[in-house]
Amino acid sequence: MSGRAGGGWRLVLFGAPGVGKGTQAQAIRTRLGLVHVATGDMLRAAMQAGTALGLQARAIVERGGLVPDALVGAMMTERLAQPDVAGGFLLDGFPRTAVQADLLDGLLAGRGQRLDRVINIAVPEPEILERLTGRRMCSGCGASYHVRDLRPRVEGRCDVCGGSLQQRADDTVEAIAHRLGVYQAETAPLVTRYERAGVLLTVDGRGRPEEVTRRILAGLPGWDA
Ligand code: AMP
């Protein structure tokens with residue numbers, strides 16, 4: 001049997017916008033039996049539902065900024081207290097700041113837990129720009145496509161759920177430039193923190209999605225693919 005004895009992983013998918021965190025999350029969550037927790041998806045759902053959080057987040061998300069730590073922290077404190085993540089989780093898009101990383105460490109330490117791995121997916125910036133400007137997302141299930149490299153079977157429709165494909169409001173050239181700047185300033189410094197903590201796994205995010213998945217699984221200790 002493949003897998004790891006002794007229960008679920010606590011993993012973070014890390015990397016700049018557009019490196020393929022969402023795509024890899026879909027591939028490895030089922031393999032490892034983990035609950036996928038993506039702060040971007042949660043914020044977009046709140047925006048769509050028009051909740052108080054969604055209303056506060058909308059303008060910030062659309063111009064590519066970071067939603068304040070206090071809001072994201074409260075959202076994640078509540079989410080990580082749910083019983084479904086007790087058996088392991090795959091965080092995607094969180095933490096993005098030192099304050100969020102401190103909060104996560106504190107939440108886990110309170111339960112005698114720690115992160116197993118922070119998977120840092122590395123892709124050169126010109127390729128990131130190409131990926132994000134061509135990205136289209138399903139408005140129904142969030143599946144990701146690309147106008148040239150990953151086209152749906154039926155133009156404009158999601159292969160998975162049939163939902164309509166749209167460009168994200170923050171995938172414009174201006175918002176992308178802002179998001180990459182914010183990533184370098186606020187998020188990239190966390191790489192050193194996790195490297196020092198001995199949990200960093202850096203993988204090359206170029207090539208076919210299946211190849212990247214293989215590299216990730218090969219880097220997880222004790223995982224027998
Ligand atoms: P993503 O889907 O991960 O690219 O996130 C989309 C947008 O949601 C980001 O550009 C931010 O505006 C916001 N967001 C997602 N996760 C966080 C976070 N951990 N902290 C602050 N803002 C976030």
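Nothing here was measured: the structure is a model prediction, and the numbers come from that model. (Residues numbered from 1 in each chain as written. Predicted model: local features only at pLDDT ≥ 70, side-chain atom pairs only at ≥ 80, totals over all residues. Heavy atoms only, no water.)

A.B. asks: Please explain the sheet that holds strand β4 (residues 117-122) as it appears in this structure.
C.D. replies: Strand pairing in a sheet is mediated by backbone hydrogen bonds. Such pairs are either parallel or antiparallel. Across the sheet, which stays open at both edges, the five strands sit in the order β2-β3-β1-β4-β8 with parallel pairing between neighbours. The strands lining the two open edges of the sheet, one partner per strand, are β2 (35-38) and β8 (200-204). Here the average twist between neighbouring strands, direction ignored, is 20 degrees. Relative to β8, β4 runs parallel, the two sharing five bridges. From the neighbouring strand, Ala122 faces β8, where its bridge partner is Asp204. Along the sheet, helix α1 (residues 21-32) contacts β1 (10-14), β2, β3 (89-92) and β4; its crossing angle with β3, the most-contacted strand, is approximately 180 degrees. Contacts from helix α2 (residues 39-49) reach β2 and β3 within the one sheet, and its direction differs from that of β2 by about 65 degrees. (Pairing = 2+ DSSP bridges. Helix = DSSP H or I, 4+ residues; strand = E, 2+ residues; numbered from the N terminus. Axes fitted to C-alpha atoms, helices over the stretch in contact; angles between N-to-C directions. Contact = heavy atoms within 4.5 Å.)

A.B. asks: Just checking my understanding: could you explain the packing of aromatic side chains for this structure?
C.D. replies: The geometry of an aromatic ring pair is captured by two quantities: the separation of the ring centres and the angle between the planes. Enumeration according to the criterion identifies one aromatic pair in this entry. Both rings, one in Phe14 and one in Tyr183, keep their centres 6.3 Å apart while their planes meet at 55 degrees; by these two values the pair is tilted. With Phe14 in strand β1 and Tyr183 in helix α7 (residues 173-187), this pair connects stretches of sequence that are 169 residues apart. The pair Phe14 / Tyr183 is uniform in exposure class, with both members buried. (Phe/Tyr/Trp six-rings, centres within 6.5 Å; stacked < 30°, edge-to-face > 60°. Buried < 20%, exposed > 50% of the residue type's maximum accessible area, 1.4 Å probe, protein only.)

A.B. asks: Whenever I open this one, the packing of helix α4 (residues 69-79) against helix α5 (residues 98-109) confuses me. Can you help?
C.D. replies: A packed helix pair is summarised by two numbers, namely the angle formed by the two axes and the spacing between the axes. It is the contact of α4 with α5, at a shortest axis distance of 10 Å, that shows an interaxial angle of 25 degrees. Of the possible angle classes, the one that applies to α4 and α5 is roughly parallel. Handedness of the α4/α5 crossing: right-handed. In this structure, α4 uses Asp69, Val72, Gly73, Met76 and Thr77 to contact α5, whose residues at the interface are Val99, Gln100, Leu103 and Leu107. (Parallel < 35°, antiparallel > 145°, perpendicular 65-115°, else oblique. Left-handed = near helix turned anticlockwise from the far one by under 90°.)

A.B. asks: Just checking my understanding: could you explain the pattern of salt bridges for this structure?
C.D. replies: A pair can form between side chains of opposite charge whenever their charged atoms are brought close. According to the stated counting rule, one finds 17 salt bridges in the structure shown. Of the charged contacts, one joins Glu127 and Arg131 as a salt bridge, the two residues approaching to 3.1 Å between their closest N and O atoms. Of the two residues, Glu127 and Arg131 are both situated in helix α6 (residues 125-133); the distance of four residues between them amounts to about one turn of the helix. With a closest N to O distance of 3.4 Å, Glu155 and Arg151 form a salt bridge. Taken as a pair, Glu155 and Arg151 share a single burial class, namely exposed. (Salt bridge = Lys/Arg side-chain N within 4 Å of Asp/Glu carboxyl O.)

A.B. asks: Would you mind showing me how to read the site of the ligand here?
C.D. replies: Contacts to the ligand come from 16 residues, most closely from Thr39, Gly65, Gly93, Arg96 and Gln100. Contacts to the ligand include Gly65, whose backbone N or O atom sits 2.5 Å from an oxygen atom. Arg96 places a polar side-chain atom, nitrogen or oxygen, 2.9 Å from a nitrogen atom of the ligand. Element by element, the count of residues in the shell around the ligand is highest for α2, at four residues. (Near = heavy atom within 4 Å. Polar contact = N/O pair within 3.5 Å; in protein donor to acceptor, adjacent residues only side chain to side chain.)

A.B. asks: Sorry, what's going on with the environment of Arg114 here?
C.D. replies: Relative to the assigned elements, Arg114 resides in the loop between α5 and β4. Spatially, the C-alpha atoms of Arg114 and Gly222 are 17 Å apart, while their sequence positions differ by 108 residues.

A.B. asks: Which parts of the structure should I look at to understand the packing of α1 against helix α9 (residues 209-218)?
C.D. replies: Orientation of α1 relative to α9, taken along the N-to-C sense of each, is 50 degrees, at an axis distance of 10 Å. Relative to α9, α1 is oriented oblique. Crossing of α1 over α9 shows right-handed handedness. Judged by residue contacts, Thr23, Gln24, Ala27, Ile28, Arg31 and Leu32 of α1 engage Pro209, Val212, Thr213, Ile216 and Leu217 from α9.

A.B. asks: Sorry, what's going on with unusual backbone geometry here?
C.D. replies: A negative phi angle is the norm for most residues apart from glycine, just as the trans form is the norm for most peptide bonds. For the bond running from Phe94 to Pro95, omega is 0 degrees, close enough to zero to count as cis. Within the secondary structure layout, Pro95 lies in the loop between β3 and α5.

A.B. asks: What exactly am I supposed to notice about α6 here?
C.D. replies: Note that an α-helix has 3.6 residues per turn; residues three or four places apart therefore point the same way. Within α6, the full set of buried residues consists of Ile128, Arg131 and Leu132. Along the axis of α6, the buried residues cluster in a sector spanning 90 degrees; they form a single face. (Arc of directions from axis to C-beta.)

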